[in-house]
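Reading the structure
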Amino acid sequence: MESPNLEFEYGDTDSLTTELSEIYSYTEEPEFALNRDYFEEDFRSHVRGRRWIELGQEQQKSYVMRLLDALEVTDRDKRLKVARAILYLAQGVFDECDTDADVIHWSRHNVFLLYDMGIFTALLELLSMEMDNNQACSSAVRKPAISLADSTELRVLLSIMYLMVETIRLQTEDDRPEWRTAREAFKTELGSPLYNGEPFALLLFTMVTKFCSMNAPHFPIKKVLLLLWKTILFTMGGFEELQEMKVRGRERLSLPPLPEDSIKVVRSMRAASPPASAMELIEQQQQAKRGRRSRRPLVKQDSLDTYNERDPFKNDDARDEEEDGEEADSGIEGEVDPLDSDVIIQPPPPPPPLRPPTERASLPKGLPWAPKVSPLSCVVIVIAVPVNVLSLLLDTETLVGLPRPIHESVKTLKQVRREISLIIPPLSSPPPPPPLNTSIPLSPPGSSIALLKLLLAAAPTSKAKTDSINILADVLPEEMPITVLQSMKLGIDVNRHKEIIVKAISALLLLLLKHLKLNHIYQFEIVSQHLVFANCIPLILKFFNQNILSYISAKNSICVLDFPHCVVHEMPELTAESLEAGDRNQFCWRNLFSCINLLRILNKLTKWKHSRTMMLVVFKSAPILKRALKVKQAMMQLYVLKLLKIQTKYLGRQWRKSNMKTMSAIYQKVRHRLNDDWAYGNDIDARPWDFQAEECALRESIEKFNSRRYDKNQNGEFAPVDNCLQSVLGQRVELPEDFHYSYEMWLEREVFSQPIQWEGLLQQAR
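Residues numbered from 1 in each chain as written. Predicted model: local features only at pLDDT ≥ 70, side-chain atom pairs only at ≥ 80, totals over all residues. Heavy atoms only, no water.

We apply this condition: UniProt positions are given in the numbering used here, feature names are shortened, and annotations may be inferred rather than shown by experiment.
An unreviewed UniProt entry lists the chain under the name Striatin interacting protein 2, from Oncorhynchus mykiss. On record in UniProt, under Sequence similarities (unreviewed entry), the comment for the chain is "Belongs to the STRIP family."

Here it is in structure tokens:
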């Protein structure tokens, strides 16, 4: 069955209510009432006869200050009760609200109030204490089964911090001026090394690494990952901020503006029809063999075509010839038909009525992307020009007659040449390091491996192993279900839990890679290499080696249990039928979002890397990626086609011949580059590959750059020499105490009596 078009709009996050609800698992539902009870018990003892929403601003601040003081008590149980009361405030005092919108309104009001009173800093100190709680860690390691009860304090603290980060991060039109000021202050605070000399995100990376090393298996890893992702998104910016930073960076370097905004171009593209499956073709051919004239065409003529290639203004004869040529193709999408000789070709359908000229004029003209050019293509073009090659190679200023993309590439070549020329001569000082965005939390290499381990454990294609990481510690209840309904509810909760983890990790990795690449290319390359060495490429391919349509249309959610709906409305009776029906959405937003993110990560890891592209070929990624084309969503299809394009030259002529519809879709959707003969397979990159040699060469370039720019301990014969006489004579030299007694003897022995060969010294200096 052909999948319908998916009305999906890609962005940084889903809606606010969805993002807030995903921090809780359905197993935590009874704790909402627990938070309310602890708050009301404490609130009524200090404010009698009034509700929270009836208090004035100063009275609310006074009560929050009292809660802040109570957080510092030594009694662990009392401190947890106070933290639950604060969590109830951050959740929007839902017992005093009538609608979901009221809960969101009061949650926003209370979160800004909590931040203004310094609650986040106090929570951070408690989080550090819980991280260093060796007793809880050792107890969790010895336990055979870990449940929600083992991470109660951590879950409460992380939930409050997540609500604060996510609520303050989102900017609305009706924000008060003081809220906008608080947002900028909170953003600066999170990105600065104010917490034990490191940013807040680095603390969360430490929690991830500690969890994956089995030293703290009770950590609620889903909440940690969501908080880490939203912290990075808040402090560094999302995709729109990235585009603005890219534009400002090009202006600062006097580069021409970007030809288009990638996100806007992708949003304007239309999804293509998926390729016909083998079963569908065989069924049609059997029907044709029995002489049944079905109205259904043999193949999908618009398969993987963005725009209809047929011109309705052509005459009927030309239309018949065009359709006959398409029907005589040797197969669709690689499915070679053994019964081709017996197929009865369907007669062409009657031509549709001519459309008015205005309708034809509204069709998009041209290809969606402006073409680009690589430095290698510049050299090939220059050498191929039938003029004096030597003079052209030496002339890097005259660009008359060359295409416009080459002009920018020549500027890039000059920058590369300048970078190579910066290799330090022995008698010179190192150049100052380039200005970098120091707010980017450069996580250690172990964090990349830890994130991939979690992604592997949460992937639907992964099989349970005894030595794998237990990512269900913050979703399993203390008492396992005993009825069928409870088991179904827990099963949905577990699947939802895994989907949210995949969503957070994929968005986090993509965001980090894009910011690092914009900040400095070598930062991006070193993190990418860590991911490649940790088997990120086969892991993503393994993720897509499933029924991707089923994964995207999965209904692992129970709408009546989502926050804030579950705390405002009365809970209906849950039945097995209602759980099986799920929601009415056409697709699962988070799963489609995760798939696009993983495809974009795979593109970033393999782009312009010959050895990594060959890994895609070796791992037989082409059939896996082709199955992903069945999802009718333009952005996802674009990144699948990009991955197919870079390996088409290595898949052989027969594959290209039997996949002409895919080749046509690549031509229509993916950006073109000068001299890019991806469709023919005779590129000079089609050569034997050595993975180790290419990766080692990249690592060597990175180490040389780091040594040249940042190494403060440059010893040996190539250490920079200070040639200024005044600065040398002005340096303080530590001498022994009795040196002035024997100074004249030392001068006679070491200076006057030693012959100096001035000519040899000068020749050596030359």
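Let's pick the thread back up.
1. Some points on the side chain of Asn519
Inclusion rule: Every helix listed is a DSSP run of H or I at least four residues long, and every strand listed is a run of E at least two residues long, numbered separately from the N terminus. The classification of residues rests on relative accessible area computed with a 1.4 Å probe and restricted to protein chains. Under 20% of the type maximum is buried, over 50% is exposed, and intermediate values are partly exposed. Under the rule applied, a polar contact is a pair of N or O atoms within 3.5 Å (in protein, one hydrogen donor and one hydrogen acceptor; residues adjacent in sequence only if both atoms are side-chain atoms).
Locating Asn519 in the fold gives a position in helix H21 (residues 484–519). The exposure class assigned to Asn519 is buried, which follows from its relative accessible area of 15%. Polar contacts involving the side chain of Asn519 include one to the side chain of Gln523, which spans 2.7 Å.

2. Overview of a positive patch on the surface
Our working definition: Exposure above 30% relative accessible area and the absence of a salt bridge qualify a residue for a patch, where like charges join within 9 Å and nonpolar side chains (Val, Leu, Ile, Met, Phe, Trp, Tyr) within 5 Å. For the accessible areas, the method is Shrake-Rupley and the probe is 1.4 Å, while residue cover comes only from the protein chains on display. Any Lys or Arg side-chain nitrogen located within 4 Å of an Asp or Glu carboxyl oxygen qualifies as a salt bridge. Under this rule, positive means Lys or Arg and negative means Asp or Glu; His and the chain ends count for nothing. By convention, the point assigned to a charge is CZ for Arg, NZ for Lys, CD for Glu and CG for Asp.
On the surface, Lys246, Lys372, Lys517 and Lys607 cluster together into a positively charged patch. Tracing the backbone through its elements, the reader meets Lys607 in the loop between helix H27 (589–606) and helix H28 (610–618). We classify Lys607 as partly exposed; its relative accessible area is 40%.

3. Comments concerning the pattern of salt bridges
A full pass over the atoms with the stated rule returns 27 salt bridges. Close ionic contact of Glu19 with Lys230 constitutes a salt bridge, the shortest N to O distance being 2.9 Å. Placement of the pair is Glu19 in helix H1 (residues 16–21) and Lys230 in helix H11 (residues 221–236), with a sequence separation of 211 residues. The class of Lys230 is buried, set by a relative accessible area of 0%. The partner of Arg590 in a salt bridge is Glu22, with the nearest N and O atoms 3.1 Å apart. You can see Arg590 sitting in helix H27 and its partner Glu22 sitting in the loop between H1 and helix H2 (30–46), a full 568 residues away along the chain. Glu22 shares its class with Arg590; the two are buried. Linked through salt bridges whose partners overlap, the residues forming this network are Glu19, Glu22, Glu166, Arg169, Lys230, Glu499, Lys503 and Arg590.

4. So, the nonpolar core
Our working rule: Nonpolar core, defined: a set of buried Ala, Val, Leu, Ile, Met, Phe, Trp, Tyr and Cys residues in which side-chain atoms within 4.5 Å join the residues together. Contacts are assigned to residue pairs with any non-hydrogen atoms lying within 4.5 Å of each other.
By size, the foremost hydrophobic cluster in this structure holds 173 residues, and its most contacted members are Trp52, Phe200, Val208, Leu454, Phe544 and Met636. It is H21 that provides the largest number of residues to this core, a total of 15 residues. Apart from residues lying up to four places away in sequence, Leu454 is in contact with Val208, Phe211, Cys212, Ile221, Leu225, Ile469, Ile471, Ile501 and Ile505. Core analysis: the next-biggest nonpolar cluster, separate from the first, contains five residues, Tyr26, Ile492, Leu561 and Leu579 among them.

5. What to know about unusual backbone geometry
Between Phe563 and Pro564 the backbone carries a cis peptide bond, its omega angle lying at 5°. Residue position: Pro564 is located in the loop between helix H24 (548–552) and helix H25 (565–568). Positive phi is not limited to glycine here, since Asn535 has a value of about 65°. Relative to the helices and strands, Asn535 resides in the loop between helix H22 (521–533) and helix H23 (536–544). By relative accessible area, which is 48% here, Asn535 ends up partly exposed. Notably, Lys620 is not glycine yet its phi reads approximately 55°, a positive angle.

6. Things to note about the confidence of the model for the chain
Note the cut-off: Residue-level confidence of the predictor, termed pLDDT, takes values from 0 up to 100.
For the chain, per-residue confidence averages 80 on the pLDDT scale, and 74% of positions sit at 70 or higher. Considering only residues more than four positions removed or in separate chains, one finds that residues 292–364, a stretch of pLDDT under 50, has 106 contacts. For the stretch residues 424–431, pLDDT sits under 50, and the model shows 15 contacts to residues farther than four places along the chain or on other chains.

7. Quick notes on H11
Rules: Any helix carries an expected span of 1.5 Å times its number of residues minus one.
Look at H11: 22 Å from first C-alpha to last across 16 residues, which is about the 22 Å you get at 1.5 Å a residue. Of all 16 residues that make up H11, 16 are buried, and the element is covered over most of its length. In the stretch just after H11, Gly237 is the one whose phi turns positive, near 105°.

8. Description of the side chain of Asn110
Checked against the element boundaries, Asn110 lands in helix H5 (residues 100–116). Here Leu89 takes part through its backbone oxygen, which lies 2.9 Å from a polar atom of the side chain of Asn110. Excluding residues within four positions of it along the chain, Asn110 makes contact with Trp52, Leu89, Gly92 and Val93.

9. Some thoughts on a nonpolar patch on the surface
There is a patch of nonpolar side chains on the surface, built from Tyr743, Trp746, Val751 and Phe752 and spanning about 400 Å² of accessible area. Examined against the element boundaries, Val751 turns out to sit in helix H35 (residues 743–752).

10. Here's the deal with the environment of Tyr162
By the secondary structure assignment, Tyr162 is in helix H8 (residues 152–169). For Tyr162 and Lys230, which are 68 residues apart along the polypeptide, the C-alpha to C-alpha distance reads 7.9 Å. Residue contacts for Tyr162: discarding those within four places in its chain leaves Glu19, Leu20, Ile23, Leu226, Leu227 and Lys230.

11. Things to note about the packing of aromatic side chains
Here is the rule: Any Phe, Tyr or Trp ring, taking Trp's six-membered ring, that has another such ring centre within 6.5 Å forms a pair; planes under 30 degrees apart are called stacked, those over 60 apart edge-to-face, and the others tilted.
Evaluation of the coordinates by the stated rule reveals 27 aromatic pairs. Relative to Phe587, the ring of Phe8 lies with its centre 5.9 Å away and its plane at 75°, an arrangement referred to as edge-to-face. Of this pair, Phe8 sits in the segment before H1 while Phe587 is found in the loop between helix H26 (576–581) and H27, placing the two residues 579 residues apart along the sequence. Both residues of the pair, Phe8 and Phe587, count as buried.

12. Description of the packing of H21 against H27
Inclusion rule: For helices, the axis comes from a line fit to the C-alpha atoms of the stretch in contact; other axes are also lines fit to C-alpha atoms, and the angle between any two N-to-C directions lies between 0 and 180 degrees. In a left-handed crossing the near helix is turned counterclockwise from the far helix by less than a right angle, and in a right-handed crossing that turn is clockwise. Basically, the charged four are Asp, Glu, Lys and Arg, the nonpolar ten are Ala, Val, Leu, Ile, Met, Phe, Trp, Tyr, Cys and Pro, and anything else, Gly included, counts as polar.
It is the contact of H21 with H27, at a shortest axis distance of 9 Å, that shows an interaxial angle of 35°. Regarding H21 and H27, the two cross each other, and that crossing is left-handed. Here Arg496, Glu499, Ile500, Val502, Lys503, Ser506, Ala507, Leu509, Leu510, Leu513, Lys514 and Lys517 of H21 come into contact with H27, specifically with Trp589, Arg590, Asn591, Phe593, Ser594, Asn597, Leu598, Arg600, Ile601 and Lys604. For the contact of H21 with H27, a count of residues per class yields ten nonpolar, four polar and eight charged.

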